[in-house]
Amino acid sequence: MTEILISPQLAFSALVLGSLYSLIALGLNLVYGTMRLLNIAHGDLIMVGAYATFWFFTLTGMSPLVGLPLVAGIAAAIGIILYFSIFRRQLSGTDRVERIEANSLLLFFGVSVILQNTVAMMFSGSPRAYQFLDTVYEVSGLMMTGNRLAILVIAAILLTSVVLFLSRSQYGLSISALIQNQTAARVVGINVSRLQFVSFISGFALAGIAGALVSMTEQISPFMGFPFTIAAFVVIILGGLGNIKGGIIAGMLLGFVEIYVVVLTSANFRSMLIYGLFVGILLLRPEGLLGKTRRH
Amino acid sequence: MSLLTVRGIAKSFGGVRALGSVDLHVQQGETLGLMGSNGAGKTTLFGIIAGHIRPTSGDVWFHDRSIRGLSPDKVCRLGIARTFQIVRPFAGLTVRENVEIALLFGSKSRDGQDILSEKAMTVLAEVGLEAHAGALAATLTLSARKRLEVARAIATDPELLLLDEVMAGLNPREGEDMVELIKQIKLRRPLSIVLVEHVVKALTALSDRIVVLHQGEIIVDGLPSEVVRHPTVRSAYFGDE
Amino acid sequence: MTSVFSLAKMRFVWFLFAGVLLIAQVPSILGSYWTLIALNLMMWVAMTQSWTLFSGMTGYISLGHVVFYGVGAYVVASTFNSIPLWLAVPMGGIAAALLALVVSLPVLRVRGPYFVILTFGLAELVKFSILNLETVSGNSSRLLFGTPSVEILLYCMIGLVVFATLTTLIVTHSRFGRGLTVIREDEVAAATVGVPVLRYKIIAFTVSAIVPGMAGGLMALKSTYFEVLQVFNPIISFTVVTMAIIGGSGDVRGPFLGAVFLVLLSELFWTTAPQFYMILVGLFLILFVIFAPNGIAAFLDKLQISRRSG
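What counts, and where the lines are drawn
- Residues numbered from 1 in each chain as written.
- Chains lettered and ligands numbered in written order.
- Predicted model: local features only at pLDDT ≥ 70, side-chain atom pairs only at ≥ 80, totals over all residues.
- Helix = DSSP H or I, 4+ residues; strand = E, 2+ residues; numbered from the N terminus.
- Rg over C-alpha atoms; globule rule 2.2 N^0.38 Å.
- Buried ≥ 20, exposed ≤ 12 C-beta atoms within 10 Å, placed from the backbone.
- Contact = placed C-beta atoms within 7 Å.
- Pairing = 2+ DSSP bridges.
- Nonpolar A, V, L, I, M, F, W, Y, C, P; charged D, E, K, R; others polar.
- Axes fitted to C-alpha atoms, helices over the stretch in contact; angles between N-to-C directions.
- Parallel < 35°, antiparallel > 145°, perpendicular 65-115°, else oblique.
- Left-handed = near helix turned anticlockwise from the far one by under 90°.
- pLDDT = per-residue confidence, 0-100.
- Expected span 1.5 Å × (residues − 1).

Participant: When you look at the overall build of chain C in this model, what are you seeing that I'm missing?
Facilitator: The secondary structure content of chain C amounts to 14 helices and two strands. The C-alpha radius of gyration of chain C comes to 19 Å, within 12% of the 19 Å expected for a compact globule of 310 residues. Referenced to the eigenvectors of the C-alpha coordinate spread, the extents of chain C come out at roughly 60 × 50 × 35 Å. Residue burial in chain C is summarised as follows: out of 310 residues, 53% are buried. Restricting to contacts in chain C with at least 6 residues of sequence separation, those with at least 24 account for 78%.

Participant: Can you walk me through the pairing of strand E1 (residues 4–13) of chain B in this structure?
Facilitator: A regular strand carries its side chains on alternate faces of the sheet. All names here are of chain B. Examined bridge by bridge, E1 and strand E2 (residues 16–26) share seven bridges and lie antiparallel to one another. Directly across from Ser 12, in E2, lies its bridge partner Arg 17. Where E1 folds back onto E2 in an antiparallel hairpin, the turn is made up of two residues, including Gly 14, whose phi is positive at roughly 65°.

Participant: Sorry, what's going on with the environment of Arg 209 of chain B here?
Facilitator: All names here are of chain B. For Arg 209, the position within the fold is in strand E9 (residues 209–214). Take Arg 209: there are 19 C-beta atoms within 10 Å of it, and that puts it in the partly exposed class. Arg 209 sits 18 residues away from Val 227 along the chain, and the two C-alpha atoms are 8.8 Å apart. Non-local contacts of Arg 209, meaning those with residues more than four positions away in its chain, are made with Glu 30, Leu 32, Gly 33, Gly 222 and Leu 223.

Participant: What am I meant to see in the interface of chain C and chain A here?
Facilitator: It is common to give the size of an interface as the accessible area that goes away when the parts come together. Each partner contributes to the interface: chain C provides 32 residues, whereas chain A provides 32 residues. Of all the secondary structure elements, the ones that give two or more residues to the side of chain C that touches chain A are helix H4 (85–107), helix H5 (112–136), helix H11 (234–247) and helix H13 (274–291) of chain C. Considering each element in turn, the side of chain C that touches chain A owes the most residues, 14 residues, to H5 of chain C. For the side of chain C that touches chain A, a count of residues per class yields 23 nonpolar, seven polar and two charged.

Participant: How should I be thinking about the packing of helix H3 (residues 95–106) of chain B against helix H7 (residues 175–185) of chain C in this particular structure?
Facilitator: Axis angle and axis distance: for two packed helices, these are the angle between their axes and the distance between the axes, and together they describe the pair. Viewed as axis vectors pointing N to C, H3 of chain B and H7 of chain C meet at an angle of 120°, and their least axial separation amounts to 11 Å. In terms of their interaxial angle, H3 of chain B and H7 of chain C are classed as oblique. Relative to H7 of chain C, H3 of chain B is oriented so that their crossing is left-handed. On the side of H3 of chain B, the interface is formed by Ile 101, Leu 104 and Phe 105 of chain B, while H7 of chain C contributes Arg 175, Arg 178, Gly 179 and Val 182 of chain C. Class assignment for the residues of the contact of H3 of chain B with H7 of chain C results in four nonpolar, one polar and two charged.

Participant: Looking at this structure, how should I read the sheet that holds strand E3 (residues 31–35) of chain B?
Facilitator: Whether parallel or antiparallel, the strands of a sheet pair through hydrogen bonds between backbone atoms. Residues and elements named next belong to chain B. Read from one edge of the open sheet, six strands run E6-E7-E8-E3-E9-E10, paired in mixed fashion. Both outer strands of the open sheet, strand E6 (80–82) and strand E10 (217–222), are each paired with one neighbouring strand and no more. Neighbour-to-neighbour, the strand axes of the sheet open up by a mean angle of 20°, direction not taken into account. Relative to strand E7 (residues 160–164), E6 runs parallel, the two being bridged by three bridges. What sits directly across from Ala 81, in E7, is Leu 161.

Participant: Which parts of the structure should I look at to understand the interface of chain C and chain B?
Facilitator: Chain C puts 17 residues into the contact, and the matching count from chain B is 21 residues. Breaking the side of chain C that touches chain B down by element, the ones donating at least two residues are H7, helix H8 (187–192) and helix H9 (197–223) of chain C. No other element matches the five residues that H7 of chain C contributes to the side of chain C that touches chain B. Each residue belonging to the side of chain C that touches chain B can be placed in one class, and the counts come to 10 nonpolar, three polar and four charged.

Participant: I would appreciate a short explanation of the pairing of E9 of chain B in the present structure.
Facilitator: Residue and element names in this part refer to chain B. Bridge analysis of E3 against E9 gives four bridges, and the strand direction is parallel. Bridging from a neighbouring strand, Leu 34 pairs with Val 211 of E9. Note: E9 against E10, five bridges, orientation antiparallel. Bridge pairing links Leu 213 to Ile 218 in E10. Taking the residues between adjacent antiparallel strands as the criterion, E9 and E10 are bridged by two residues, where Gln 215 takes a positive phi near 50°.

Participant: Whenever I open this one, the confidence of the model for chain C confuses me. Can you help?
Facilitator: Interpreting fine coordinate detail is not advised for predicted regions of low pLDDT. All names here are of chain C. On average, residues of chain C carry a pLDDT of 88, and 96% of them reach 70 or more. Per-element confidence in chain C is highest for H9, whose mean pLDDT is 96, and lowest for helix H1 (residues 4–30), whose mean pLDDT is 75. Predicted complex, confidence summary: ipTM 0.89, pTM 0.88.

Participant: Quick question: what am I supposed to make of helix H3 (residues 66–78) of chain C here?
Facilitator: Within an α-helix, residues lying three or four positions from one another point in the same direction, as the helix has 3.6 residues per turn. All names here are of chain C. Here H3 is 13 residues long and its end C-alpha atoms lie 18 Å apart, about the 18 Å a rise of 1.5 Å per residue gives. Burial of H3 is extensive: 12 of the 13 residues sit out of reach of the surface. Residues of H3 that are buried: Val 66, Val 67, Phe 68, Tyr 69, Gly 70, Val 71, Gly 72, Ala 73, Tyr 74, Val 75, Val 76 and Ala 77.

Next comes the structure, spelled out in structure tokens:
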């Protein structure tokens, strides 16, 4: 048993899953941090990214890696449509902040159902899969499939670039400031709505990319989104809502916890674990963060 | 024997210390003024007394009974009412319904609708809002909302009334009206009041005694005339002299 | 003091009871297919009415209502051969209420959108826990032989609808109901004027679980089949919320309007294109949340007003 536990194989899987979770959480955190919206359709954006990749690959043979920008664009486009048709209106309403946030949840829920069923209509409800970068590489006893390696590499690149962007570039620093304190950001002259828009779109794009990556190694189905959404929420709450770096660390943590727990118990317990964590974290969050109307 | 005793109350939010160690007391029938710059901890103190915030340490006694940790609704039913710095009317209800709720839940009465409405109108008359009884609270001006806030508070039949910057946002004329209103309320009802204010004129006009909170601690406690002359207060409030 | 609204509401309620009596005639007049539809409709009304009692009145939107339904179904299915049904179904309701009571203390301290996703997560957690329980005890699904006829189930469900509607009516006109309404307006201010916020939320939440608990038991009997994933399906929660929003979560009429709306819609599309139906449902939810958050009921009220002044 201990052999399995300390096997580099397991660690590699955990690393891959963790980096995926970190990427997914990053997208969610960007949207939440700048707009205080909980996108429960996030997992379905991942699903859309997965299907888009699948479609391009099976239709035109386009490599998922090459298609990444395209898929990101599709996800971003969905974000643009949603932003202008729905969320702009919500944000300018005069209702109390909590009411808007709860309403937004319902809206995202509706979006989620629409996405799931549109895809189900287009592709049928049964799971699909494709083969890509299947070759196994062996590095000092560690077996890695090319696709998992690609996931790790791409996720790592994206994560580092975004973190650097947010902490080094002028634009990125403005976004970080916005996440910290919206009122202060406005006072300093930051164009809040433009940055919100950019962050919103980026969050969607990142989800799409995550979906593309997932599709390389997992079966896809129109309803695969929910578990990812829940996992993403667990991660961002663990790491601190809006805390970009915290989310990345928490994502890695969850990846490791999940892999090792499943090995120790069973796959059935995985769902219980995720939802248990989800419920537990929401219940235990320090009082100060709950119900307080954030200063906007 | 004090009506309200605050002993050693301290509160930290994360790493930020909002209140150091606060001791104060309110005698029955007196009006205590509480002043301090923004961030001095005044609203936090109110929040602790009213039960919205748990203190990090210290205790609060009301009539020799500890009220630390009691929920806000219990504190209200014990006889402490408060207004909010940023007013919180029940926007979707009419002005009269706002007061009816306070009567229904905060006072001892269990009246039928008709008597309830009458009582509500009486309270509204006290604050000069009878004309607006049927209007939705959301449609009121700031000054009217502040008066509604006061009406709701006194409808719960309190022994102690905590007024949190009730003058804020009012123009000088409205401010004078509010001072008058509070004076009238004091005459009509056997109330003790703790009054948090920035407007020094209102404080000196209404308070029997003033306490000054500075960076989470009480630095002065005395008669209005003394406090206004106190050197620390003068430098903190009126600029260096 | 009667206003335009209470008159219209009372009239509506009389209509409803007449309608409900009519529905009770369906089995004898229209046969089994329509009886099933009537049963379905009544179930949705009961579920949505009970949801409104808590979520509509306090503004705490629950996306986990299905958990009570599932618990009730589980109680009935697992005790099918040991306990008489007239006992098992109410037990399902009580079990659901107990679950609500037990989780209410920690759960109801959470506000706003966090409460919404928490309820969803909770329902899923219970689902997977019971799933594990069933797997461990060797049941992948349960078959129920010798269940009551659909007619009897319909009458029971009508009873639930009447119970739920009466409860909502009584509550909305009580002191308790007024307290719930101001909790929705501003919970902090409500506590400040003496409303026992936590206690009221717990009571409303617990009571709102009874009807779905029993409805779940009845529907398990109708399908003669119990399978965890089906019975704890989050789509049920989603449908209930959508019906409440479309119908209007402010008063007793809403659940009826919303349920009829969506059931009609599903009758049109479900057999041919179920996904299209779901897309429509999602669209309607979005449209109503943005443009008509108080639902059809509020729209009807506006019509009343304009007709009177016009």
